[in-house]
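Examining the three-dimensional arrangement
Given next are the chains, with one letter for each unit.
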Amino acid sequence: MSASTAHSVVDAKPWTRRFASALVILYALITILPLVWIFMTGFKTPQDSISYPPKVIFEPSLEGYVNLFTTRSRQTPEYMSTLPPPDNWVEALVRERNMVIAGPSKFGERFMNSVIIGFGSTFLSVFLGTLAAYAFSRFKVPLKDDLMFFILSTRMMPPIAVAIPIFLMYRTLGLSDTHLGMILLYTAVNISLAVWLLKGFIDEIPREYEEAALIDGYTRLQAFRKVVLPQAATGIAATAIFCLIFSWNEYAFALLLTSGTAQTAPPFIPTIIGEGGLDWPAVAAGATLFLIPIVAFTILLRKHLLRGITFGAVRK
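The model shown is predicted, which means the values in this text are computed figures rather than measured ones.

1. Re the overall build of the protein
Looking only at helices and strands, one finds 17 helices and four strands in the protein. Against the compact-globule benchmark of 20 Å for 316 residues, the protein has a radius of gyration of 26 Å, which places it well outside the compact range. Expressed along its principal axes, the backbone C-alpha trace of the protein runs to roughly 85 × 65 × 40 Å. The proportion of buried residues among the 316 residues of the protein is 35%. In the protein, 74% of the contacts between residues at least 6 apart in sequence involve partners at least 24 apart. Accessible area for the protein stands at about 18800 Å²; split by element, carbon and sulfur atoms hold 70% of it. Taking the average location of the 26 positive side-chain charges in the protein and that of its 21 negative ones, the two points are 9 Å from each other.

2. Digging into the nonpolar core
Core analysis: the largest hydrophobic core is formed by 20 residues, its most contacted members being Leu68, Ile269, Ile272 and Phe297. Top element by residues in this core is helix 15 (residues 280-300). It accounts for six residues. In this view, isoleucine 272 contacts Leu68, Leu278, Asp279, Ala282 and Val283; residues no more than four positions away in its chain are not counted. The next biggest cluster of nonpolar side chains, apart from the first, holds 12 residues, and it includes Ile166, Leu175, Met182 and Phe253.

3. Description of the pattern of salt bridges
The final tally for this structure, using the stated rule, is seven salt bridges. Residues arginine 220 and glutamate 210 are paired through a salt bridge, measuring 3.4 Å at the closest nitrogen-oxygen approach. Here glutamate 210 lies in helix 10 (residues 207-215) and arginine 220 lies in helix 11 (residues 220-231), a separation of 10 residues in the sequence. You can call glutamate 210 buried: its relative accessible area is 2%. Three or more residues are tied together by salt bridges with common partners; here these are Arg138, Glu210 and Arg220.

4. Let's talk about the side chain of serine 114
When you line up the elements, serine 114 lands in helix 6 (residues 107-138). Among residues more than four places away in sequence, those in contact with serine 114 are Phe119, Trp248, Thr264, Ala265, Pro266 and Phe290.

5. Some words on the packing of helix 7 (residues 144-156) against helix 9 (residues 179-203)
Look at helix 7 against helix 9: their axes get within 8 Å of each other, and the N-to-C directions meet at 130°. Between helix 7 and helix 9, the angle is such that the two are oblique. The two elements helix 7 and helix 9 cross, and the hand of that crossing is left-handed. Taken together, the residues of helix 9 that come into contact with helix 7 (itself represented by Met148, Phe149, Ile151, Leu152, Thr154 and Arg155) are Val189, Asn190, Ser192, Leu193, Val195, Trp196 and Lys199. Considered class by class, the residues forming the contact of helix 7 with helix 9 number eight nonpolar, three polar and two charged.

6. Structural notes on the packing of aromatic side chains
Aromatic ring pairs are reported here in terms of the distance separating the ring centres and the angle at which the planes meet. Under the counting rule described, the total for this entry stands at 12 aromatic pairs. Here the aromatic rings of tyrosine 134 and phenylalanine 224 are separated by 4.6 Å at their centres, their planes lie at 55°, and the arrangement is tilted. Of this pair, tyrosine 134 sits in helix 6 while phenylalanine 224 sits in helix 11, placing them 90 residues apart in sequence. Like tyrosine 134, the residue phenylalanine 224 is buried in the burial classification. Measuring from centroid to centroid gives 4.9 Å for tryptophan 248 and phenylalanine 290, while their planes differ by 15°, and the two rings are stacked. With a gap of 42 residues between them, tryptophan 248 in helix 12 (residues 233-249) and phenylalanine 290 in helix 15 connect regions that are remote in the sequence. Phenylalanine 290 matches tryptophan 248 in its accessibility class, with the two residues each being buried.

7. Digging into a nonpolar patch on the surface
On the surface, a cluster of nonpolar side chains totalling about 660 Å² of accessible area is made up of Ile25, Leu29, Ile32, Leu35, Val36, Leu291, Val295 and Ile299. Elements supplying a minimum of two residues to the nonpolar patch: helix 1 (3-41) and helix 15. The element contributing the most residues to the nonpolar patch is helix 1, with five residues. Secondary-structure assignment places leucine 35 in helix 1. Leucine 35 sits in the partly exposed class, given a relative accessible area of 42%.

8. Some remarks on the confidence of the model for the protein
In the predicted model, the protein carries a mean pLDDT of 84, and 91% of its residues have values of at least 70. Per-element mean pLDDT across the protein ranges from 46 in helix 17 (residues 311-315) up to 93 in helix 6. Considering only residues more than four positions removed or in separate chains, one finds that residues 3-10, a stretch of pLDDT under 50, has one contact. The model gives residues 312-316 a pLDDT under 50, and that stretch makes four contacts with residues more than four places away or in other chains.

Procedures and definitions
Residues numbered from 1 in each chain as written. Predicted model: local features only at pLDDT ≥ 70, side-chain atom pairs only at ≥ 80, totals over all residues. Heavy atoms only, no water. Helix = DSSP H or I, 4+ residues; strand = E, 2+ residues; numbered from the N terminus. Rg over C-alpha atoms; globule rule 2.2 N^0.38 Å. Buried < 20%, exposed > 50% of the residue type's maximum accessible area, 1.4 Å probe, protein only. Contact = heavy atoms within 4.5 Å. Areas by Shrake-Rupley, 256 points an atom, 1.4 Å probe, with all protein chains shown as cover. Lys, Arg positive; Asp, Glu negative; His and termini not counted. Charge placed at Lys NZ, Arg CZ, Asp CG, Glu CD. Core = buried A, V, L, I, M, F, W, Y, C linked by side-chain atoms within 4.5 Å. Salt bridge = Lys/Arg side-chain N within 4 Å of Asp/Glu carboxyl O. Axes fitted to C-alpha atoms, helices over the stretch in contact; angles between N-to-C directions. Parallel < 35°, antiparallel > 145°, perpendicular 65-115°, else oblique. Left-handed = near helix turned anticlockwise from the far one by under 90°. Nonpolar A, V, L, I, M, F, W, Y, C, P; charged D, E, K, R; others polar. Phe/Tyr/Trp six-rings, centres within 6.5 Å; stacked < 30°, edge-to-face > 60°. Patch = residues over 30% accessible without salt bridge, like charges linked within 9 Å, V, L, I, M, F, W, Y side chains within 5 Å. pLDDT = per-residue confidence, 0-100.

Right, dumping it as structure tokens:
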């Protein structure tokens, strides 16, 4: 390469970076716009949420969040006039619509079901996936390539293709609408992703580290726990994020296999009914609160996620 060519390449780098930065910023703005609109809708009144043209500037209201966490009943003006003054701002807000609070809604229970099932299946998927990935990476497993392809192929199948057999099997085993049944199902779906991701990370860890530990008197299990796991922590964190995203957002199986006890938030939020149809501010409020745990978990492990995505490329 001549000096002039090298000089032009060096000069082009800042422009390339600026262009790439502009594309990333544009993509981020386009991606985050629906989330911002959902967040704003959660603070609108039902009338403002369905106004046309859509309102960007509006008077904020917590009616959506109140409707999300309460069950209300409409009363006659005569009955409303006999009630004592409201005890708090929530009752006052509800009474403006000629309603009274009949009790709490089921959103809190559905949200906790999502937490239990999502994090429970993520833990099992990562735990079993780490053990399986280590075995595939370090030992001579018969038909290893065929088994790895079979594990991956289970991820290719759309949920609707196996929905009816799983529904019949769960009904026979008594696992329908149970936390255990959903955790096992999401673990079975996620474990293929966990094995493939973690095997790549463990393959990049030099075997010499374990061999040195074995020579020093460590058992295979001790070498795995004290040598491999600390170095694979980045990959484990990245895998946990991807597994949790699936378990947290999954809709089809949750809709088919749960109805009450173990129903998660995704199939529950669209059923929030207001006057004359869907209560869009309450739906938006539920969607906003539903996003918080997965966003917080991702931010908490963001450094591991970034390192995990580039782990193999950096080592190579």
